[in-house]
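Notes for the structure review
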Amino acid sequence: MAAPENTVVTLGPEPISIEQFVAVARHGARVEFDATYVDRVRKSRALVERFLAENRLVYGVTTGFGDNVTEVIDPADAERLQRNIVRSHAVSVGEPLPVEVVRAIALMELVGLGEGFSGIRFETLELIRRMLNSGVTPHVPGEGSVGYLAPEAHMALVLLGEGRAWYGGELLPGAEALARIGERPTQLACKEGLSLTNGTHSVTAIAVLAAHDAEVAATTADIAASLSVQALKGTVRAYDARIQERKRHPEQAAVAENLRRLTASSAISAEFLDHRLQDALSLRAVPQMHGGAKRALAQAREVIVEELHSVGDNPVIHPEGEDGVALSGANCDSTYVGIQADTMVNAMTVLAKVSERRTDRMVNSNFSELPAFLVRQQPGLNSGYMIAQYTAAALTMELRGLAVPASADNVTTSANQEDTVGNAYLAAMKAYRATRKLGYVIAIELMCATQALDLLAPLSPSPAAEALRARIRETVPTVTEDRVFHNDIEHIAELVRNGEVLRAVEGVVGALCR
């Protein structure tokens, strides 16, 4: 879904929001700089120029990079050092990162390096901005990063007219891609190669996308559960506010409130209110299980937003009066993001496992009291949604594999100078991939629940469920005999990812609790 042509995100004194970030990375919103942005970047650059002119000992500016941090570089070789950093660090491998991920990393560079503590030239950031706005996207191999350096170096190559980039659907040499938008390659000045490859830019950018998508999926999981509890003749008494009050977790109460609103005025729920004394946990414990996952996702999002608004470079160029100082530390470490990305995967796996169990109950006639595998005509000849549940089960197992924490792992790098690494790149990529898998699991539950509601006619579901059923039935018709269900799953999964499922039900019940 493209952003409207006039959508602009301006970087300046106000911090960028996750929604603005996603608008640029995914939907093509334009980026602009205001005067305060330009001013702080130029002031920071002036300090680096002063350090170089005075030949101060500054890591990555007047010294070597990596293990040889005390070897002083001739000022005449400062630009060569930056070019060498980019070229030598462009060593990631494998399949390229998705376009939206590369765009997100480029935007994160503009955000982080534009805070005015990195000493990069404004002209370099302006070139990145123009590439972003014009649709030039570097080709970035996506495997082989412990947290930074290699993917970012592939992106920086294009600034030099090297590497490769996508433009207009073509994969072009870097210089040609720049020429297509009327730009020329640049020469990196002192510190710029280091700033462009260093820091937490890639892991934060990827984690922002994951946090956004995880929140959408988690709220949509509440919606899927509300359809399933109706389809399975579950009792909504389990969502009574008085039960939730006895737990001190606001997320649990919020999920229960969502379920009450989403099932309100359901003839099915009224008919089967006392059908069972209590249901299986996948129905009865939705507020507790979804609530616990949502708490973890909310905390992860909070930390990721903090990193989004932080300076992850090293060294930090800090102004002091009319002068300044280069402070070497470890703001380039990405442990904060790594731990939270791992947490997000764990939370999403919880949501998936509960969703898959609800799907299993719907296709199992022993539990659902509906036709086997939700197909009424000629069971046995028609498999119905039998194998769709296999897919949900497989995706859930894949999520469990991803839930093994990456941030706890370690391999020493840089001749033992970097004796611990955050490994947050892997954690963030796992979280990003997990959102897609969870989206499919929820889509399969929605697909099965919609079919089950059809089979319960003439009893009607809640108005919210009816609105969503109508939206799904625009592209996914009721199943009367077997067909290729792959396309149906993909259609519904896209409705989950782009927020259409949320919009369909919120148009009836108002904004849901996130």
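Before any of the text, the structure's been laid out above.
Residues numbered from 1 in each chain as written. Predicted model: local features only at pLDDT ≥ 70, side-chain atom pairs only at ≥ 80, totals over all residues. Heavy atoms only, no water.

A word on the overall build of the protein chain. Looking only at helices and strands, the protein chain features 21 helices and nine strands. Compactness check: the protein chain gives a C-alpha radius of gyration of 26 Å against a globular reference of 24 Å for 514 residues, within 12% of the reference. The principal-axis extents of the C-alpha atoms in the protein chain amount to approximately 80 × 50 × 45 Å. For the protein chain, the residues scored as buried account for 55% of the 514 residues in total. For the protein chain, the share of sequence-separated contacts (at least 6 apart) that also reach a separation of at least 24 residues comes to 77%. Of the accessible surface of the protein chain, which amounts to about 20900 Å², a share of 52% is contributed by carbon and sulfur atoms. Computing the positive centroid from 49 side-chain charges and the negative centroid from 63, the protein chain places the two 6 Å apart. (Helix = DSSP H or I, 4+ residues; strand = E, 2+ residues; numbered from the N terminus. Rg over C-alpha atoms; globule rule 2.2 N^0.38 Å. Buried < 20%, exposed > 50% of the residue type's maximum accessible area, 1.4 Å probe, protein only. Contact = heavy atoms within 4.5 Å. Areas by Shrake-Rupley, 256 points an atom, 1.4 Å probe, with all protein chains shown as cover. Lys, Arg positive; Asp, Glu negative; His and termini not counted. Charge placed at Lys NZ, Arg CZ, Asp CG, Glu CD.)

Next up on the list: the environment of Ala 218. Inspection of the secondary structure puts Ala 218 in helix α9 (residues 201-231). For the pair Ala 218 and Ala 293, spaced 75 residues apart in sequence, the C-alpha separation works out to 8.0 Å.

Once that is clear, we can look at the nonpolar core. By size, the foremost hydrophobic cluster in this structure holds 144 residues, and its most contacted members are Met 344 and Leu 446. With 21 residues, the single largest contributor to this core is helix α18 (residues 424-455). Discounting chain neighbours no more than four positions away, the residues touching Leu 446 are Thr 220, Ala 224, Leu 227, Leu 468, Ile 472, Ile 492, Val 496 and Val 501. Within the second largest apolar cluster, nine residues are counted, among which are Val 48, Phe 51, Ala 78 and Cys 190. (Core = buried A, V, L, I, M, F, W, Y, C linked by side-chain atoms within 4.5 Å.)

Nonpolar side chains collect at one region of the surface, where Val 99, Trp 166 and Leu 171 lie side by side and expose about 230 Å² of accessible area between them. In this structure, Val 99 sits in helix α4 (residues 99-113). Take Val 99: its relative accessible area is 42%, and that puts it in the partly exposed class. (Patch = residues over 30% accessible without salt bridge, like charges linked within 9 Å, V, L, I, M, F, W, Y side chains within 5 Å. Salt bridge = Lys/Arg side-chain N within 4 Å of Asp/Glu carboxyl O.)

So, on to the sheet that holds strand β6 (residues 164-167). The three strands are arranged β4-β6-β7 in an open sheet whose pairing can be described as antiparallel. Unpaired on one side and paired on the other, β4 (137-138) and β7 (170-173) mark the two borders of the sheet. Two strands pair when backbone bridges link them, and β4 and β6 are joined in this way by two bridges, in the antiparallel orientation. Directly across from Pro 138, in β6, lies its bridge partner Ala 165. (Pairing = 2+ DSSP bridges.)

Here we come to the state of the cysteines. Following the criterion strictly, the structure yields zero disulfides and no others. Of the cysteine sulfurs around Cys 190, a residue in no disulfide, the closest is that of Cys 332, at 19 Å. (Disulfide = S-S within 2.5 Å.)

With that settled, consider empty space enclosed by the protein. The final tally for this structure, using the stated rule, is two cavities of 30 Å³ or more. When its residues are assigned to classes, the lining of the largest cavity shows 11 nonpolar, one polar and three charged. The calculated volume of the second largest cavity comes to roughly 30 Å³. Every residue along the wall of the second largest cavity is listed here: Pro 96, Leu 97, Pro 98, Val 99, Val 102, Thr 137, Pro 138, His 139, Val 140 and Trp 166. (1 Å grid on protein atoms, 1.4 Å probe; cavity = no way out; pocket = protein on both sides within 12 Å on 5 of 7 lines; lining within 4 Å. Points joined across faces, edges and corners; volume = space filled by probe spheres on them. Nonpolar A, V, L, I, M, F, W, Y, C, P; charged D, E, K, R; others polar.)

Geometric descriptors of this kind do not, in isolation, establish any biological role.
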